[in-house]
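# Reading the structure
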Amino acid sequence: REAFRVLEMQGVVESRPGAGRFLVADHVPDPSLTLRRRLQGKTEHLLQVWDAREAIEAKAAELAARRATEQQIEGIRATFERLDKASFEDLRRYDFNREFHMSVARASGNLVLEEMGALLLSRSNAIGFKESLDDRNWADLHGRHQLIFEAIVAGDPAAARRAVVNHFDVMR
């Protein structure tokens, strides 16, 4: 059923009550065009969410670089390594990006930053950010996560903040 809903949204299949489903297109649209259509009109909202995420997550990373315990650093490392080893399909199926950002927020030691981060990550996903990424985008994302992780491990709050700001600058 879900697959048919997706095909309907793409204009490939049409459902007629009492009659069934009918093919109405001679080809399946390019998925990247479908994604762009899905995000159309939501770009401004996504950019606003990213502005808020940047403010919250830059502070969280800065605090994590100052305060993270060895156990918290190992938690960030484990999430980062799952991201590193995941296939593109795994990245689609599981939200490793959220796990990474939330592990950094937890390491900040600030529950308010952690709660706000969770809310804003949910907003990003509701807009369709995760589905809009292709395998190249995921690889770029992983590289930016590495810079954040390395700055936290090094205990360098300024570098951690810069890495998060850069992360969002590149995404925009």
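The following paragraphs examine the structure supplied in this document. These numbers come from a predicted model, not from an experiment.

### Considering the packing of helix 4 (residues 70–85) against helix 6 (residues 96–107)
Relative to each other, helix 4 and helix 6 sit at 170°, their axes nearing to 9 Å. In terms of orientation, helix 4 and helix 6 fall into the roughly antiparallel class. Here helix 4 and helix 6 pass one another in a crossing that is left-handed. Taking contact as the criterion, the partners of Gln72, Gly75, Ile76, Thr79, Phe80, Arg82 and Leu83 in helix 4 are, on helix 6, Phe96, Asn97, Glu99, Phe100, Ser103, Val104, Arg106 and Ala107. Of the residues belonging to the contact of helix 4 with helix 6, the class tally is seven nonpolar, five polar and three charged.

### Digging into the side chain of asparagine 97
Note on placement: asparagine 97 falls in helix 6. For asparagine 97, a relative accessible area of 5% puts it in the buried group. Beyond its immediate chain neighbours, meaning those up to four positions away, asparagine 97 contacts Arg53, Leu83, Leu121, Phe129, Trp138, Leu141 and His145.

### A closer look at helix 4
Relative to the 22 Å expected for 16 residues at 1.5 Å per residue, helix 4 spans 22 Å between its end C-alpha atoms, a close match to the ideal helical length. Those residues of helix 4 lying buried are Ile73, Ile76, Thr79, Phe80 and Leu83. Projected down its long axis, helix 4 shows its buried positions confined to an angular sector of 125°, all on one face. With respect to the buried face of helix 4, the exposed residues turned more than 90 degrees away are Glu70, Gln71 and Lys85.

Conventions and cut-offs
- Residue numbering note: each chain is counted from 1, following its sequence as written.
- It should be noted that, the model being predicted, local features are given only for residues of pLDDT at least 70 and side-chain atom pairs only at 80 or more, the latter also being counted only at that level, while totals for whole chains, interfaces and linings use all residues.
- In computing side-chain values, all of the structure's heavy atoms are included and hydrogens and water are not.
- Between N-to-C directions, angles span 0 to 180 degrees; the directions come from axes that are lines fitted to C-alpha atoms, helices contributing only their stretch in contact.
- Comment: elements are numbered from the N terminus, with helices defined as DSSP H or I runs of at least four residues and strands as E runs of at least two.
- Orientation labels follow simple angle bins: below 35 degrees gives roughly parallel, above 145 gives roughly antiparallel, 65 to 115 gives roughly perpendicular, and whatever is left gives oblique.
- For a crossing to be left-handed, the near helix must be turned anticlockwise from the far one by less than a right angle; the clockwise case is right-handed.
- Here, two residues are considered to be in contact whenever any of their heavy atoms come within 4.5 Å of each other.
- In this classification, the charged set is Asp, Glu, Lys and Arg, the nonpolar set is Ala, Val, Leu, Ile, Met, Phe, Trp, Tyr, Cys and Pro, and all remaining amino acids, among them Gly, are polar.
- Accessible area is worked out with a 1.4 Å probe on protein chains only. A residue is then buried under 20% of its type maximum, exposed over 50%, and partly exposed in between.
- Any helix carries an expected span of 1.5 Å times its number of residues minus one.
- By definition, the arc is the one covered by directions from the helix axis to the C-beta atoms.

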